Amino acid sequence: MIEEKEYKARREKLIEKLDEHSISILFSAEPKSRSNDTEYPYRQNSNFYYLTGFKEDSAAIVIVKKKSKAKTYLFVAKKEPALELWTGKRLGVEGAKEIFSFDEVFEYETLQTFFRENIVEKQTLYYDFSHNCEAHNSIVSLCKNFYAYKNLAKKIAKARLIKSSAEIAIIRKALSITQEAHHRAMSVVPKLQYEYELQAEIEYIFKKNGAYSDAYTSIVASGNAANTLHYISNDKAIKKGELLLIDAGCEYDYYSSDITRTIPADGLFSQAQKELYSLVLDVEKEIISMIKPGVMRSALHTKSEELLCEGMVRLGILKGKVKKLLKEKKHKAFYPHGIGHWMGLDVHDEALYKNKKAKEIPLQEGMVLTIEPGIYLDEENETVPQKYKGIGIRIEDDILVTSQGCENLSKNIMKEIKDIESLGKKK
Ligand code: GLY
Ligand code: MN
Ligand code: MN
């Protein structure tokens, strides 16, 4: 639970970074149509949520800064009983005033008028360059004579890189639910026939524990499907002897978890599966052990490429000298993605990996990132040794950078071969 005083402090910190004569606007997320007149469940824009904790649509934040003084405005939908009958209660202006410590709270309908009255040319307009809705576009065009336009989303993304203790507590909670889900998957898998059954077991645990949603669509990929990185159809029959790559994490109170485990369909790894799995697991542990403030994420990636390439040579998947293979990027055929990404309100928190001068941002205390090496050996790839064909393995954990090193926030989600096998055997 994040308190209003933390949201307020976030707004104040942002204000310090804004140009002296500026006006900033940020809109809530648009409701999304699914088909005809049905909608996806509403989810607030992560940046908007980061600054407010406000969960309704048809809302906007405006910050007017003059010299070092700033005023903050929240615009919210008015209470309308006839609409609320269908879509639920709104806080309305009075309700919002009680909870949120903005200087003023106004009705959303008055936003355009407010802007017209507060426009002073020769100031900077901050807005989210990627936002695209009618109200937003018309405000941006009202400000066509401003002298500078800057991306507010980038500024917020930068603040979001460092998590507070309240945010970390929520990520821990999300991970405790995701842990229960993955352990359940490990123990029930020998009894199930279809990938979607396993998906249902996992997502049942999410919902049962109050995790409103998945942080992303679950991947439950059996056998060769694991070699499709974004496999989400989850509709195949699970065959005996195959591995299942399960990339699933819940979102709890708006914060993500992002965990991959690869487990045997019938509870036991074969020898060939063990060889590949141990390689990925060793690399994952080695990379996690490198994490501390000052280290570059790109160094972690490069090291993971080296270690996986060496391992693949050892196992006969790649042939030749490691250095030359790396130079020629031969390993990319089997390890095509990055080592990990920032995680927080979004499963992929905005990709701010470089600062303004295009210099890479080093790891800092309070960052949360995933570490997720993998090897993907498609059954159609003729260069892959027969015994490894059709195997795809990824192991993914969520890591907090601490002052001295790091903490693996998902360390209790089993990943040792013997532990996974013993869970699979129990029932
Ligand atoms: N689940 C998405 C990812 O691992 O990045
Ligand atoms: Mn993942
Ligand atoms: Mn990930």
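Note that this is a predicted model, so its numbers are computed, not measured.

### Regarding the site of ligand 1
Next up, step 1: Around ligand 1, the neighbouring residues are Tyr216, Asp247, Asp258, His341, His348, Glu372 and Glu396.
Next up, step 2: Aspartate 258 places a polar side-chain atom, nitrogen or oxygen, 3.0 Å from a nitrogen atom of ligand 1.
Next up, step 3: Within the side chain of histidine 348, an N or O atom sits 2.6 Å from an oxygen atom of ligand 1.
Next up, step 4: With the chains in place, 84% of the 200 Å² that ligand 1 exposes on its own is no longer accessible.
Next up, step 5: Residues of the shell around ligand 1, tallied by class, amount to 1 nonpolar, 2 polar and 4 charged.

### Some remarks on the coordination of the manganese ion (ligand 2)
Next up, step 1: All of the protein donors around the manganese ion (ligand 2) are Asp247 (OD), Asp247 (OD), Asp258 (OD) and Glu396 (OE); their distances to the metal are 2.0 to 2.4 Å.
Next up, step 2: Note that the manganese ion (ligand 2) binds 6 donor atoms; their angles at the metal cover 56 to 170°, and the shape is irregular.
Next up, step 3: Written as a sequence motif, the donor residues of the manganese ion (ligand 2) are D-x10-D-x137-E.
Next up, step 4: A separation of 3.3 Å is found between the manganese ion (ligand 2) and the manganese ion (ligand 3), which are bridged by aspartate 258.

### Focus: the sheet that holds strand E10 (residues 219-222)
Next up, step 1: The 3 strands lie next to each other as E10-E11-E14, forming an open sheet whose pairing is antiparallel. The strands lining the two open edges of the sheet, one partner per strand, are E10 and strand E14 (260-264). On average, each strand axis in the sheet is inclined to that of its neighbour by 15°, with strand direction left out of account.
Next up, step 2: Packed on one face of the sheet, helix H9 (residues 195-208) meets E10 and strand E11 (243-247) and runs near 145° to E10.

### Quick look at the side chain of arginine 160
Next up, step 1: Here arginine 160 shows up in helix H7 (residues 152-160).
Next up, step 2: A polar contact of 2.6 Å, which involves the side chain of arginine 160, links it to the side chain of asparagine 47.
Next up, step 3: At 2.8 Å, the side chain of arginine 160 forms a polar contact with the side chain of aspartate 349.
Next up, step 4: If sequence neighbours within four positions are ignored, arginine 160 has contacts with Ser46, Asn47, Tyr50, Leu345, Asp346 and Asp349.

### Here we look at the sheet that holds strand E19 (residues 406-408)
Two modes of strand pairing occur in sheets, parallel and antiparallel, and in both the strands are linked by backbone hydrogen bonds.
Next up, step 1: Strand order in the open sheet made by the 3 strands is E15-E18-E19, with antiparallel pairing throughout. For this open sheet the edge positions go to strand E15 (368-371) and E19, each flanked by a neighbour on one side alone. In this sheet, adjacent strand axes meet at a mean angle of 30° when their direction is disregarded.

### Some thoughts on the coordination of the manganese ion (ligand 3)
Next up, step 1: In this structure, Asp258 (OD), His341 (NE2), Glu372 (OE) and Glu396 (OE) serve as the protein donors to the manganese ion (ligand 3), at separations of 2.0 to 2.2 Å.
Next up, step 2: Here the manganese ion (ligand 3) binds 6 donor atoms, and the angle range of 51 to 155° at the metal identifies the geometry as irregular.
Next up, step 3: The class of glutamate 396 is buried, set by a relative accessible area of 0%.

Each value, and the rule that gives it
Residues numbered from 1 in each chain as written. Chains lettered and ligands numbered in written order. Predicted model: local features only at pLDDT ≥ 70, side-chain atom pairs only at ≥ 80, totals over all residues. Heavy atoms only, no water. Near = heavy atom within 4 Å. Polar contact = N/O pair within 3.5 Å; in protein donor to acceptor, adjacent residues only side chain to side chain. Areas by Shrake-Rupley, 256 points an atom, 1.4 Å probe, with all protein chains shown as cover. Nonpolar A, V, L, I, M, F, W, Y, C, P; charged D, E, K, R; others polar. Donors = N, O, S within 2.8 Å, 3.2 Å for Na, K, Ca; no water. Tetrahedral: all angles 85-135°; square planar, octahedral: opposite > 155°, others 65-115°. Pairing = 2+ DSSP bridges. Helix = DSSP H or I, 4+ residues; strand = E, 2+ residues; numbered from the N terminus. Axes fitted to C-alpha atoms, helices over the stretch in contact; angles between N-to-C directions. Contact = heavy atoms within 4.5 Å. Buried < 20%, exposed > 50% of the residue type's maximum accessible area, 1.4 Å probe, protein only.

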